[in-house]
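This is what each chain is made of:
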Amino acid sequence: MNWHIKCIAHTSALSATAFADGERVLCLIYRDFESGEISRADILPEEEAHFELPGDLLGRWFRQVKESGDSQPKVRDKVASAEEFFLSLYESAEDSDRSEETDALKYLVALMLERKRVVRAVGKPASKGFQSYLHVKTKQTLHVPIVDISTDLVLRIQETLGDILL
């Protein structure tokens, strides 16, 4: 399966309204019902109630549109986006909805957030099964599936997450 997910859009997927500099945008990652592909939709937060997601939601987070003069989002903005996305993977997915893609997203984002001290591994390091992580701010324990990492998988995840990768 190929994941061809673009970075933040310039216009809303629902209304085609152009996003303004500094505006807050809701980013959604989902598996399309028709094609089975992983897709992304960016909409204004007030449009969420009217947006009919054409698939199963995998994750969601908010992102601020960077100023025209900014060439790169600030590191703290990237960390906040990654953190929101990581937590949303646990909000929207039940154990029965687990998929290889969701498990891979959870694992790779957890590793990135551990490096930034947003989450902390709990207990002995696991090499298979699940690793428990403590979300430092909320004190919530999350069980992250351990996934075998291949070069192909890393490239697909990087393309999927675009500008929230740290």
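Everything numeric in this text was worked out from a predicted model, so none of it was measured.

Quick word on the packing of aromatic side chains
Okay, step 1: Taken as a whole, this structure holds two aromatic pairs when the rule is applied.
Okay, step 2: Aromatic pair Phe86 and Tyr90: ring centres 5.5 Å apart, planes at 70°, arrangement edge-to-face. On the criterion of helical spacing, the pair formed by Phe86 and Tyr90 is a turn pair, its members being four residues apart in helix α1 (residues 75-92).
Okay, step 3: Over the aromatic face of Phe62 sits the side chain of Arg24, whose NZ or CZ is 3.8 Å from the ring centroid.
Okay, step 4: In this arrangement the basic side chain of Lys106 is found over the ring face of Tyr90, its NZ or CZ atom lying 4.3 Å from the centre.

Looking at the confidence of the model for the chain
Okay, step 1: Confidence along the chain averages 79 in pLDDT terms, with 78% of residues attaining 70 or more.
Okay, step 2: In the model of the chain, helix α3 (residues 151-161) stands out as the element of lowest mean pLDDT, 63, in contrast to strand β5 (residues 130-135), which has the highest, 93.
Okay, step 3: When the criterion is pLDDT under 50, residues 1-5 qualifies, and its contacts beyond four places in sequence or with other chains add up to 21 contacts.

Here we look at the nonpolar core
Okay, step 1: If you look at the biggest cluster of nonpolar residues, it comprises 27 residues, and the most contacted ones within it are Phe85, Phe86, Leu113 and Val144.
Okay, step 2: Elements supplying a minimum of two residues to this core: β1 (24-32), β3 (55-64), α1, α2 (100-115) and β6 (140-145).
Okay, step 3: Residues Leu28, Tyr30, Ile43 and Phe62 belong to the second largest nonpolar core, which totals seven residues.

Focus on the pattern of salt bridges
Okay, step 1: The full count for this structure, using the stated rule, is three salt bridges.
Okay, step 2: A salt bridge links Arg60 to Glu48, with the nearest nitrogen and oxygen atoms 2.4 Å apart. Residue Arg60 is found in strand β3, and its partner Glu48 is found in the loop between β2 (38-43) and β3; the two are separated by twelve residues along the sequence.
Okay, step 3: Note on Arg60: relative accessible area 23%, which makes it partly exposed.
Okay, step 4: Here Glu83 and Lys137 are joined by a salt bridge, their closest N and O atoms 3.4 Å apart. With Glu83 in helix α1 and Lys137 in the loop between β5 and β6, this pair connects stretches of sequence that are 54 residues apart.
Okay, step 5: Note on Glu83: relative accessible area 10%, which makes it buried.

Parameters at a glance
- Residues numbered from 1 in each chain as written.
- Predicted model: local features only at pLDDT ≥ 70, side-chain atom pairs only at ≥ 80, totals over all residues.
- Heavy atoms only, no water.
- Phe/Tyr/Trp six-rings, centres within 6.5 Å; stacked < 30°, edge-to-face > 60°.
- Helix = DSSP H or I, 4+ residues; strand = E, 2+ residues; numbered from the N terminus.
- Lys NZ or Arg CZ within 6 Å of the ring centre and 35° of its normal.
- pLDDT = per-residue confidence, 0-100.
- Contact = heavy atoms within 4.5 Å.
- Core = buried A, V, L, I, M, F, W, Y, C linked by side-chain atoms within 4.5 Å.
- Buried < 20%, exposed > 50% of the residue type's maximum accessible area, 1.4 Å probe, protein only.
- Salt bridge = Lys/Arg side-chain N within 4 Å of Asp/Glu carboxyl O.

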